[in-house]
Amino acid sequence: MGRRRKQVVKVIKRTLPQAFLCPKCGKNTVKAFADEKNQLGVVVCGACDLRGQFPLTQRMDPVDVYSTFVDKFYAGEKLGAEKGWAA
Ligand SMILES: [Zn+2]
């Protein structure tokens, strides 16, 4: 009995939504995701309400959406959806 040991492999699943550092307020509260239905990369900061979206030209992971957003943010592109920045 019991010759087979159960291999204990701990897999830490990242089930929590990934949060990223906000380039505006500096908090780790930015959520980024790819809205594949609308072909948009969407970024929202839960702390300062920074938000932006841009058209996806390729399949992106959240981290890609985030880094693209940050690039655009520092490049001075207007990203706020509320300012009419879209597509
Ligand atoms: Zn923020």
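Throughout what follows, the structure given in this document is the object of discussion. (Residues numbered from 1 in each chain as written. Predicted model: local features only at pLDDT ≥ 70, side-chain atom pairs only at ≥ 80, totals over all residues.)

Quick look at the nonpolar core
In terms of nonpolar packing, the biggest core is built from nine residues, these being Phe20, Cys22, Val30, Ala32, Val43, Cys45, Val65, Tyr66 and Phe69. Going through the elements one at a time, strand E1 (30–35), strand E2 (40–45) and helix H1 (62–74) are the ones with two or more residues in this core. No other element matches the three residues that H1 contributes to this core. Not counting the four nearest positions on each side in its chain, Ala32 is found in contact with Phe20, Val43, Pro62, Val65, Tyr66 and Phe69. (Core = buried A, V, L, I, M, F, W, Y, C linked by C-beta atoms within 7 Å. Buried ≥ 20, exposed ≤ 12 C-beta atoms within 10 Å, placed from the backbone. Helix = DSSP H or I, 4+ residues; strand = E, 2+ residues; numbered from the N terminus. Contact = placed C-beta atoms within 7 Å.)

Examining the sheet that holds E2
Taken together, three strands build an open sheet; the order of strands is E1-E2-E3 and the sheet is antiparallel. The outermost strands of the open sheet, each flanked by one partner alone, are E1 and strand E3 (51–55). Within this sheet the neighbouring strands show an average axis-to-axis angle of 15°, counted without direction. Sheet analysis places E2 next to E3, joined by five bridges and oriented antiparallel. Looking at E3, one finds that Val42 is bridged to Gln53. (Pairing = 2+ DSSP bridges. Axes fitted to C-alpha atoms, helices over the stretch in contact; angles between N-to-C directions.)

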